[in-house]
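Given next are the chains, with one letter for each unit.
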Amino acid sequence: MSVTIDENNGTADAQVADIVVLGNTNVDLVAYVPHEVAEGETVIASDFKIGLGGKGANQAVATTRAGSRVSFIGCVGDDSFGEMMQEGLSGEGIDLAHLKKVDGASGNATIWVQPDGANRISVFMGASAELTPEDVEDAVASNAQAHFFVSQLELGQEVVRAGLSSAKAHGMTTVFNIAPYAPLLPEILDTTDWLIANEGEIEELLRQAGLEASLDASPQELLAHIPSWSEAIGTNLVVTMGSKGALGYAIGSEPYFATAPKVAAVDSVGAGDCFVGYFVAALSGGYSWQQALGTGVHAASESVQRFGAQASYPPREDATRFLTAGEHGPLNAPTR
């Protein structure tokens, strides 16, 4: 397989990035079905949409719409899907100097969405699987002035580990979203400052760390436990809890719960990525981590009221509204 770097990928007026995002990018093929599809069952979908997705690309878009300057590290194929993804990310104003292009098919995701917004997703990695640790190390080094680095687990763990290690070596604050969950290679948590997981993912991760935990209790009851979870994992910790909100804990502080507003969800695809993007953008903007937690919760709550992943993310003009949203109101003024 031949490999090229498209020198025209970067935005014409690219600025120094605040945040570097590493991850998968794919085209979402979304069918809206009347109920969860059983084995061997054929159902008639009520609607079908094609959109842009991939956890890394989703988080890059959300972070950009929240007001940050973002550089994206990823890979696309030389097909029409690859062109769609490059045009979509470029149109958001994201720096694509490190979006690698290879021969072959780009990634795609097949998604089934139920009436309550719940979803089932299968992902074909395609070109994203061609990204190497060396690609990532070079890209991070060229963005050494950035303050934050973000990654997830849709790419190979060797690639993710290289990104996190390189980012730490360059003094960045690292944010790792352990989704989709997999048992982790050594050093990934050692180079993670903030770990973000949903309820199922944190249970699996704590089990890997030798600590049994159940999230059946209320968020208020779980607040007492999150410091010990953070200690077991060795990172600052965020646990997203869907329609309930999110728990957070930074080592040396008090645990905090950000309540989600009550909304009528129609599509939860990409909502977790929306949370990550707005959370990191708020941190990068100098807001307290508690304020960032509330910002992410409110942005994600708005996204589930719209269809699609990136298409559902609140636009940049709404960023300030989310920074001051939530029942606790704004906490700290920006420090940077």
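Residues numbered from 1 in each chain as written. Predicted model: local features only at pLDDT ≥ 70, side-chain atom pairs only at ≥ 80, totals over all residues. Heavy atoms only, no water.

> Pulling in residues and values, what's your account of the packing of helix 8 (residues 271-284) against helix 9 (residues 289-303)?
Helix 9 packs onto helix 8 with a crossing angle of 145 degrees between their chain directions and a minimal axis gap of 7 Å. Both helix 8 and helix 9 take part in a crossing whose hand is right-handed. Seen from helix 8, the contacting residues are Ala271, Cys274, Phe275, Tyr278, Phe279, Ala282 and Leu283; seen from helix 9, they are Trp289, Ala292, Leu293, Thr295, Gly296, Val297, Ala299, Ala300 and Ser303. Grouping the constituent residues of the contact of helix 8 with helix 9 by class yields 13 nonpolar, three polar and no charged. (Axes fitted to C-alpha atoms, helices over the stretch in contact; angles between N-to-C directions. Helix = DSSP H or I, 4+ residues; strand = E, 2+ residues; numbered from the N terminus. Left-handed = near helix turned anticlockwise from the far one by under 90°. Contact = heavy atoms within 4.5 Å. Nonpolar A, V, L, I, M, F, W, Y, C, P; charged D, E, K, R; others polar.)

> Give a description of the pairing of strand 6 (residues 95-102) that names residues and reports values.
The sheet contact formed by strand 5 (residues 70-76) and strand 6 spans five bridges and is parallel. In the strand pairing of strand 6, Cys75 is matched with Lys100. Regarding the hand of the β-α-β motif, the stretch spanning strand 5, helix 2 (residues 80-91) and strand 6 is right-handed. (Pairing = 2+ DSSP bridges. Right-handed = clockwise from strand over helix to strand, strands pointing away.)

> Lay out the nonpolar core with the relevant residues and their values.
Counting 52 residues, the largest nonpolar core has Phe72, Phe275, Phe279 and Leu293 as its most contacted members. The leading source of residues in this core is helix 8, at nine residues. Judged by nonpolar contacts, the second largest core, of 41 residues, contains Ile73, Leu184, Ile188 and Val239. (Core = buried A, V, L, I, M, F, W, Y, C linked by side-chain atoms within 4.5 Å. Buried < 20%, exposed > 50% of the residue type's maximum accessible area, 1.4 Å probe, protein only.)

> If you had to explain the packing of aromatic side chains to someone new, which residues and values would you point to?
Per the counting criterion, the structure on display carries five aromatic pairs. Relative to Trp289, the ring of Trp194 has its centre 5.8 Å away and its plane inclined at 50 degrees; by these criteria the two rings are tilted. Here Trp194, found in strand 11 (residues 194-198), pairs with Trp289, found in helix 9; they are 95 residues apart in sequence, far enough to count as distant. Assessed through its relative accessible area of 11%, Trp289 is described here as buried. Judged by centre distance (6.2 Å) and plane angle (90 degrees), the ring pair of Tyr256 and Trp289 falls under edge-to-face. In this pair, Tyr256 is assigned in strand 14 (residues 256-259) and Trp289 in helix 9, connecting sequence segments 33 residues apart. Overall, Tyr256 belongs to the buried group, its relative accessible area being 15%. Through successive ring pairs, a cluster of aromatic residues spans Trp194, Tyr256, Phe275, Phe279 and Trp289. (Phe/Tyr/Trp six-rings, centres within 6.5 Å; stacked < 30°, edge-to-face > 60°.)

> An account of a negative patch on the surface is needed here, citing residue identities and associated values.
Together, Asp78, Glu83, Glu87 and Asp103 make up a region of like negative charge exposed at the surface. Along the chain, the position of Asp103 falls in the loop between strand 6 and strand 7 (107-113). (Patch = residues over 30% accessible without salt bridge, like charges linked within 9 Å, V, L, I, M, F, W, Y side chains within 5 Å. Areas by Shrake-Rupley, 256 points an atom, 1.4 Å probe, with all protein chains shown as cover. Salt bridge = Lys/Arg side-chain N within 4 Å of Asp/Glu carboxyl O. Lys, Arg positive; Asp, Glu negative; His and termini not counted. Charge placed at Lys NZ, Arg CZ, Asp CG, Glu CD.)

> An account of the side chain of Ser230 is requested, with residue identities and associated values reported.
Secondary-structure assignment places Ser230 in helix 7 (residues 226-233). Judged by its relative accessible area of 1%, Ser230 falls in the buried class. Within the local environment of Ser230, its side chain forms a polar contact with the backbone oxygen of Thr235, the two atoms lying 2.5 Å apart. (Polar contact = N/O pair within 3.5 Å; in protein donor to acceptor, adjacent residues only side chain to side chain.)

> Please set out the confidence of the model for the protein chain residue by residue, giving values where relevant.
Per-residue confidence for the protein chain gives a mean pLDDT of 89; residues scoring 70 or more make up 91%. Across residues 326-336, where pLDDT falls below 50, the model places 25 contacts with residues more than four positions away in sequence or in other chains. (pLDDT = per-residue confidence, 0-100.)

> With reference to specific residues and values, describe unusual backbone geometry.
Backbone phi values are negative for most residues with the exception of glycine, while trans is the configuration of most peptide bonds. The omega torsion across Ala179 and Pro180 is -10 degrees, close enough to zero to call that bond cis. Position of Pro180 relative to the elements: it lies in the loop between strand 10 (173-177) and strand 11. Despite not being glycine, Glu187 shows a phi value in the positive range, around 85 degrees. Turning to its location among the elements, Glu187 is positioned in the loop between strand 10 and strand 11. Given a relative accessible area of 43%, Glu187 falls into the partly exposed group.

> Outline helix 9, listing residues and values.
Helix length check: helix 9 (15 residues) gives 21 Å between terminal C-alpha atoms against 21 Å at 1.5 Å per residue, within 8%. Burial within helix 9 is extensive, with 14 of its 15 residues counted as buried. (Expected span 1.5 Å × (residues − 1).)

> Hey, could you go over the pattern of salt bridges for me, with residue numbers and the actual values?
The final tally for this structure, using the stated rule, is 11 salt bridges. Here Asp18 and Arg69 are joined by a salt bridge, their closest N and O atoms 3.0 Å apart. One end of the pair, Asp18, is in the loop between strand 1 (3-5) and strand 2 (19-22); the other, Arg69, is in the loop between helix 1 (55-65) and strand 5, with 51 residues separating them in the sequence. Relative accessible area serves as the criterion here: at 36%, Arg69 is assigned to the partly exposed category. A salt bridge links Glu92 to Arg65; the nearest nitrogen and oxygen atoms lie 2.7 Å apart. Taken together, the positions of Glu92 in the loop between helix 2 and strand 6 and Arg65 in helix 1 put the pair 27 residues apart, joining distant regions of the chain. Each of Glu204, Arg207 and Glu212 takes part in salt bridges that share partners, so that together they form one network.

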